[in-house]
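# Structural overview for review
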Amino acid sequence: MEEEAGVVKPKKNGGGRLCSLCNQRRPALKRPKTLEQICKECFYTVFEEEIHRVIVDKQLFKPGERIAIGASGGKDSTVLAYVMSELNRRHNYGLDLFLLSVDEGIMGYRDDSLETVKRNEIQYGLPLKVVSYKDLYGWTMDEIVKIIGLKNNCTFCGVFRRQALDRGAALLKVDKLVTGHNADDIAETVLLNILRGDIARLSRCTSITTGEEGPIPRCKPFKYTYEKEIVMYAYFKRLDYFSTECIYSPNAYRGFAREFIKDLERLRPRAILDIIKSGEDFRISTSTKMPEQGTCERCGYISSQKWCKACVLLDGLNRGLPKLGIGRSRGPNGDHQREMKQSNGTRNIQSKQCGTLDF
């Protein structure tokens with residue numbers, strides 16, 4: 001057998017082994033997670049069954065719930081939408097599924113990927129809701145990058161996107177939001193939180209369900225699913241997805257952690273799951289002071305500070321001080337709050353709260 005990127009190609013002489021699961025068909029791929037050589041049919045079965053077992057064992061959903069699927073048009077969210085739709089029908093979950101997309105306002109990237117999501121809406125028969133940074137915050141990422149540059153742009157986008165998804169989910173009146181974060185993503189996050197010394201996030205980043213203290217919990221059905229297997233599933237199923245990376249993310253800090261994880265996976269495929277397990281087993285010292293969850297005084301969103309991060313970043317943009325909210329806050333009365341007091345409460349006439357919904 002010849003192998004390339006996990007896909008097994010039969011030798012020209014027709015020889016070779018059979019699928020290690022069914023022992024009937026020729027293998028089409030080597031599973032990145034287990035290194036088994038299996039056929040496409042068995043791959044579909046084990047891939048879907050593993051996700052089903054996670055959903056059932058972790059009790060992610062209840063019959064009758066309204067579920068929003070975060071849909072970007074990329075491989076993870078497209079496979080998530082397809083598999084959730086299939087499993088909901090096959091196992092009678094009794095869920096009402098919706099697609100939820102965020103338009104960050106990145107020409108040549110998000111406008112194209114949203115066209116993919118609109119096709120998925122038709123292909124999977126799932127209603128689609130799109131919310132935009134422009135409508136929620138008064139800014140697009142293209143406009144933000146022109147001011148902030150490419151060094152800290154991912155900070156703005158990550159904060160705004162997270163809140164935009166919650167606000168879109170609130171508009172849909174859903175019970176939960178599911179995202180396509182996979183095992184690789186979670187392993188990367190564990191490493192990043194260790195490197196940053198971010199104890200608060202480290203303690204919850206491996207949780208399969210987060211935000212239970214807030215209005216809309218988030219679930220990650222792909223928590224134990226390898227990125228390579230998601231790519232293979234999309235490839236063999238010929239799913240319609242958008243494969244171009246964000247034009248503003250090449251220098252993102254996460255990218256370095258991603259390359260490290262990929263190097264580890266090449267040496268030892270089990271490393272991804274082991275990092276997740278390590279993150280799950282971390283115990284935070286009782287003497288460690290953890291941030292207390294509250295609500296933003298300005299917009300009502302969840303925050304451990306007087307103002308949520310989105311409001312801090314947005315206020316800096318609107319006041320012509322875009323770097324004001326970059327970096328770690330120094331506490332509930334940090335630099336930004338002190339400067340706000342010094343400004344005598346004046347704001348740019350075009351200043352806009354981060355969103356228009358009450359939480």
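Residues numbered from 1 in each chain as written. Predicted model: local features only at pLDDT ≥ 70, side-chain atom pairs only at ≥ 80, totals over all residues. Heavy atoms only, no water.

In this section: the confidence of the model for the protein chain. Counting all residues, the mean pLDDT for the protein chain is 85, and 85% of those residues have values of 70 or more. Contacts for the low-pLDDT stretch residues 1–5, under 50 throughout, to residues beyond four places or in other chains number 18 contacts. Below pLDDT 50 for its whole length, residues 329–359 participates in 64 contacts with residues either more than four positions away or in separate chains. (pLDDT = per-residue confidence, 0-100. Contact = heavy atoms within 4.5 Å.)

Before going further, it helps to examine the nonpolar core. Grouped together as the largest cluster of nonpolar side chains are 41 residues, with contacts concentrated most on Phe43, Phe61, Ile69, Val79 and Tyr233. Contributing elements (two or more residues each) for this core: helix H1 (40–57), strand S5 (66–70), helix H2 (75–90), strand S6 (96–103), helix H3 (110–124) and helix H9 (227–237). Ignoring any residue separated from it by four or fewer positions in sequence, one finds Val79 in contact with Phe47, Phe222, Ile230, Tyr233, Ala234 and Leu239. (Core = buried A, V, L, I, M, F, W, Y, C linked by side-chain atoms within 4.5 Å. Buried < 20%, exposed > 50% of the residue type's maximum accessible area, 1.4 Å probe, protein only. Helix = DSSP H or I, 4+ residues; strand = E, 2+ residues; numbered from the N terminus.)

Further remarks concern the sheet that holds strand S7 (residues 128–132). What the six strands build is an open sheet, ordered S7-S6-S5-S8-S10-S9; its pairing is mixed. One side of each edge strand has no neighbouring strand; the edge strands of this open sheet are S7 and strand S9 (209–210). As judged from the five bridges shared by S6 and S7, these two strands associate in the parallel manner. In the sheet register, Val102 faces S7, and the bridge partner there is Val131. The sheet contacts of H3 involve S6 and S7, and relative to S6 the element is tilted by about 165°. Here helix H6 (residues 153–172) sits on the sheet and contacts S5, S6, S7, strand S8 (176–178) and strand S10 (218–219); the angle it forms with S6, its principal contact strand, is near 140°. (Pairing = 2+ DSSP bridges. Axes fitted to C-alpha atoms, helices over the stretch in contact; angles between N-to-C directions.)

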